[in-house]
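Spelled out, the chains give:
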Amino acid sequence: MTDYTKVFQDTEAVEKYETITYAPNSYASQINDRQRDYLRTLVRREFGPMAPVQHDFACGTGRAIRTLHGLVREAHGYDTSAEMMAKAADVGSRAAWHQVPVDGPVPSPVPAGHPAIVTMFRLMLNVDEEVRDRAMGFAAKALPTFDSGILVVENHGNAGSLRHLRSRRHRGERWFAELSHEEVEKLFARHGFEVTERRGFSMITPSLHDHSIARAADAALRRLPGANTYAVNVLYTARRA
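Below is a summary of the structure that appears in this document. (Residues numbered from 1 in each chain as written. Predicted model: local features only at pLDDT ≥ 70, side-chain atom pairs only at ≥ 80, totals over all residues. Heavy atoms only, no water.)

## Concerning the pattern of salt bridges
Inspection of every chain in the model, using the stated rule, returns 9 salt bridges. Linking Glu 129 and Arg 132 is a salt bridge whose minimum nitrogen-to-oxygen distance equals 3.1 Å. Of this pair, Glu 129 and Arg 132 both sit in helix H6 (residues 129-142), 3 residues apart, which is roughly one turn of that helix. With a relative accessible area of 11%, Arg 132 lands in the buried category. The partner of Arg 199 in a salt bridge is Glu 197, and the shortest N-O contact between them spans 3.4 Å. Look at Glu 197 and you get buried, because its relative accessible area is 17%. Salt bridges linked by common partners bring Arg 45, Glu 46, Glu 197, Arg 199 and Arg 239 together as one network. (Salt bridge = Lys/Arg side-chain N within 4 Å of Asp/Glu carboxyl O. Helix = DSSP H or I, 4+ residues; strand = E, 2+ residues; numbered from the N terminus. Buried < 20%, exposed > 50% of the residue type's maximum accessible area, 1.4 Å probe, protein only.)

Written out as structure tokens, the structure is:
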């Protein structure tokens, strides 16, 4: 079990995550609002009138599930933390909840048919390679072919962003996790996925969120061609190759 997984077996940590990390107008909640608009547009574009099934792996408090309320025909949330899923239901996330073990064989998605969308938010950055491969193995089971649907994965610490400048201590040691676009694409390819779209949602780090000038610059920079390459927070959409 990773330390990250252990944290969210604690009800106080779960409550802090939902009410402080994602407090109104916080850095995380504003990114979530932008992601919500993007994801709802993405689902309408990719699936049209045929509503997909959603499989949200490492669902936490169900934020990605709430994002797609009304656009999926059913939703399933999977997490190692019963406390997280209890909070998800408490705040109004509508899904069937499935607790998965922290290790062992790759979990299997509920056989709910296709098309489907698999979502993974705030997972990949905080776990080791074994857990990443296990998560992607789940996605491969849920999306066995190109036509099965789409995978959407969040990287909230792009190594090519401004965040990277603060990623090492004075001795050159990294003090928080990062993932590059190349690392994400290699992970996807290892499990038979190909990135079809990449979208960035913030050019600034949380430490700059309260600075009005930085926030204005962020809004302007996100509109520039190629900005996704340097965004701190990125969503990758992929299909089976």
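Having seen the model, we can carry on.
## Re the side chain of His 181
Within the secondary structure, His 181 is located in helix H7 (residues 181-190). We classify His 181 as buried; its relative accessible area is 5%. A distance of 3.0 Å separates a polar side-chain atom of His 181 from the backbone oxygen of Thr 229. A distance of 2.7 Å separates a polar atom in the side chain of His 181 from a polar atom in the side chain of Tyr 236. For His 181, the contacting residues outside a window of four places in its chain are Asn 158, Arg 198, Asn 228, Thr 229, Val 234 and Tyr 236. (Polar contact = N/O pair within 3.5 Å; in protein donor to acceptor, adjacent residues only side chain to side chain. Contact = heavy atoms within 4.5 Å.)

## Thoughts on the pairing of strand S1 (residues 53-57)
Most of S1 sits out of view: 5 of its 5 residues are buried. Because side chains alternate across S1, one face comprises the buried residues Val 53, His 55 and Phe 57, and the other comprises Gln 54 and Asp 56, equally buried. Inspection of the sheet shows S1 paired to strand S2 (residues 74-79) by 5 bridges, in the parallel sense. When the bridges of S2 are listed, Asp 56 appears paired with Gly 77. Sheet analysis places S1 next to strand S4 (residues 116-120), joined by 4 bridges and oriented parallel. Considered in S4, the bridge of Asp 56 is made with Thr 119. (Pairing = 2+ DSSP bridges.)

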